[in-house]
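# Summary of structural features
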Amino acid sequence: MVSERIAAAARRSGRLPQEVRLIAVSKTKTLQDIRSLADLGVNDFGENQIQEALGKIAQFRETALDWHFIGHLQSNKCKFIPGNFSWVHSIDNEKLVRRIAQAAREADASVNLLLQVNVSADPAKHGVPSADLFPLVEHVLEQTSGRTRLRGLMTIGYRGAGVDEKRRSFAALRQLLEQCRQRFVDSMTELSMGMSGDFELAIEEGATMVRVGTALFGPR
Ligand SMILES: *Cc1c(COP(=O)(O)O)cnc(C)c1O
C-alpha cells in the first residue's frame, strides 16, 4: 500500500506521516479510477494536460478535490489554472507567473505555486537551472499578490540515475529551499519530489508532496 509506504518512510526520517501529502497522478486514468481513490480518502490529484484535466475536474466539482497541475505549462493555457487547479508545480519562468497572477485576480481564485528546478541539469528536462533560481524567486515574489502564493520547489528525479545520485538531487533541492527561506520568505515550505520509483527516497530527503501515478493506478 502506497499510504503505508509513505508513513513508514516519514517515520524513518523522524517525521509524521501527515507531513507528507500524497498526490495521485491521474493522467490518462478514467473518472472511475479517480472516483475509487477519492472514495478511499485521497484528496489531491495531479494532471499534466490542461484539456484532459479540465474535463475531469468538471466531473468532480461537488467532491471538492484539490487538483495539481504538474506538467509543462504553456503560457496561453495559464488562464485555465485559477478556479480549476489549486496548485501548479511546474513554474519555470516569469511569464507563467505573470499570466497566472492576472488570471487569478480576474477569477478571484487562489493558486499556490511551486518552482520547478532542474537540479540534475538534465538537458531533456524543463525547469529552471539551480544557478538561475534566486533571480526567478525575486521576480516571482514581485508578481505574486493575495491570490497567488509562492509555496516551494519541485523537481523530477533523473530517470537513469542510481539511488545515490537521486538522493543527492533530492537533498540539493531541500538545500535550495532552505536557502530560499533564509533569503526571501518563510512561506516557502513545500518540496514536491518523488514519483512511483523513488518516493520513499524523496521523503527521507524531506519531500512534503509526492507525485505518485503507476504505484497507485497501475501502468499507463
Ligand atoms: C507522470 C508524472 C508523475 C508520476 O509518475 P509515476 O512514475 O507514474 O508515479 C509524477 N510527476 C510528474 C511531473 C509526472 O509527469
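What counts, and where the lines are drawn
- All residue numbers refer to positions counted from 1 along the written sequence of the respective chain.
- Selection of residues for local features in this predicted model requires a pLDDT of at least 70, selection of side-chain atom pairs for listing and counting requires 80 or more, and totals for whole chains, interfaces and linings are taken over all residues.
- Side-chain calculation: all heavy atoms of the structure are included, whereas hydrogens and water are not.
- A single heavy atom is enough: if one lies within 4 Å of a molecule or strand, its residue is considered near that molecule or strand.
- Distance and chemistry together define a polar contact, namely a pair of N or O atoms within 3.5 Å, with one atom able to donate a hydrogen and the other to accept it when in protein, and with adjacent residues in sequence counting only for side-chain atoms on both sides.
- Surface accessibility follows the Shrake-Rupley procedure with a 1.4 Å probe radius. Residue values consider only the protein chains on display as shielding.
- Cavities and pockets were defined on a 1 Å grid built over protein atoms only: a cavity is a set of grid points that admits a 1.4 Å probe from which the probe cannot escape, a pocket is an open set flanked by protein on both sides within 12 Å along at least five of seven lines, and lining residues are those with an atom within 4 Å of any such point.
- To decide whether a molecule occupies a pocket or cavity, check its atoms: if more than half lie within 2 Å of the grid points, it is inside.
- Each residue is assigned to one class: nonpolar for Ala, Val, Leu, Ile, Met, Phe, Trp, Tyr, Cys and Pro, charged for Asp, Glu, Lys and Arg, and polar for all the others, Gly among them.
- What we call a nonpolar core is a set of buried Ala, Val, Leu, Ile, Met, Phe, Trp, Tyr and Cys residues that are connected through their side-chain atoms within 4.5 Å.
- When a residue's accessible area, from a 1.4 Å probe over protein chains only, is under 20% of the maximum for its type it is buried; when over 50% it is exposed; and in between it is partly exposed.
- Note on contacts: a residue pair qualifies if any of its non-hydrogen atoms lie within 4.5 Å across the two residues.
- Helix and strand definitions here come from DSSP, where helices need a minimum of 4 consecutive H or I residues and strands a minimum of 2 consecutive E residues; each element is numbered from the N-terminal end.
- In short, DSSP must find at least two bridges between two strands for them to pair.
- Crossovers are marked right-handed if the path from the first strand over the helix to the second runs clockwise, as seen with the strands pointing away from the viewer.
- For salt bridges, the criterion is a side-chain nitrogen of Lys or Arg within 4 Å of an Asp or Glu carboxyl oxygen.

## A look at the site of the ligand
By nearness alone, every residue bordering the ligand is listed as Val-25, Lys-27, Ile-70, Ile-156, Met-195, Ser-196, Arg-211, Val-212, Gly-213, Thr-214 and Arg-220. A distance of 2.9 Å is found between a nitrogen atom of the ligand and a side-chain nitrogen or oxygen belonging to Arg-211. A distance of 2.8 Å is found between an oxygen atom of the ligand and a backbone nitrogen or oxygen belonging to Gly-213. Here the ligand has 390 Å² of accessible area as a free molecule, and 89% of this is covered by the chains. The cavity that encloses the ligand is the largest pocket. Taken together, the residues that form the shell around the ligand break down as 5 nonpolar, 3 polar and 3 charged.

## A few points about the nonpolar core
Counting 59 residues, the largest nonpolar core has Phe-45, Leu-133 and Leu-153 as the members making the most contacts within it. If we skip the residues at most four places from it in the chain, Leu-153 touches Leu-114, Leu-115, Val-117, Leu-133, Leu-173, Leu-176, Leu-177, Met-188, Glu-190, Leu-191 and Ser-192. Counting 5 residues, the second largest nonpolar core, distinct from the first, contains Trp-87, Leu-114, Met-154 and Met-209.

## Comments concerning the pairing of strand S4 (residues 87–91)
With 5 of 5 residues buried, S4 lies mostly within the body of the structure. Bridging between strand S3 (residues 66–69) and S4 involves 2 bridges; their strand directions are parallel. If you follow His-68 over to S4, its bridge partner there is Trp-87. Read as a crossover between parallel neighbours, the route from S4 over helix H4 (residues 94–107) to strand S5 (residues 111–118) is right-handed.

## Description of the side chain of Asn-118
You can see Asn-118 is positioned in strand S5. Setting aside chain neighbours within four positions, we find Asn-118 in contact with Lys-125, His-126, Gly-127, Val-128, Pro-129 and Ser-130.

## Description of the environment of Ser-192
You can see Ser-192 is positioned in strand S8 (residues 190–192). Remark: the alpha-carbon pair of Ser-192 and Ala-207, spanning 15 residues in sequence, is separated by 5.9 Å. Excluding residues within four positions of it along the chain, Ser-192 makes contact with His-89, Leu-114, Leu-153, Met-154, Thr-155, Leu-173, Met-209 and Arg-211. Side-chain polar atoms of Ser-192 contact the side chain of Arg-211, separated by 2.9 Å.

## Brief notes about the pattern of salt bridges
Applying the stated criterion to the full structure yields 14 salt bridges. A salt bridge links Glu-190 to Arg-151; the nearest nitrogen and oxygen atoms lie 3.7 Å apart. Here Glu-190 is found in strand S8, whereas its partner Arg-151 is found in strand S7 (residues 148–154), with 39 residues between them in sequence. We note a salt bridge from Asp-198 to Lys-166, for which the minimum N-O separation is 3.2 Å. Linking Asp-198 in the loop between S8 and helix H7 (199–204) with Lys-166 in helix H6 (residues 163–183), this pair joins segments that are 32 residues apart in sequence. We note that Asp-198, like Lys-166, is buried. Shared partners join several salt bridges into a network, and the residues in it are Arg-12, Arg-167, Arg-174, Glu-178, Glu-204 and Glu-205.

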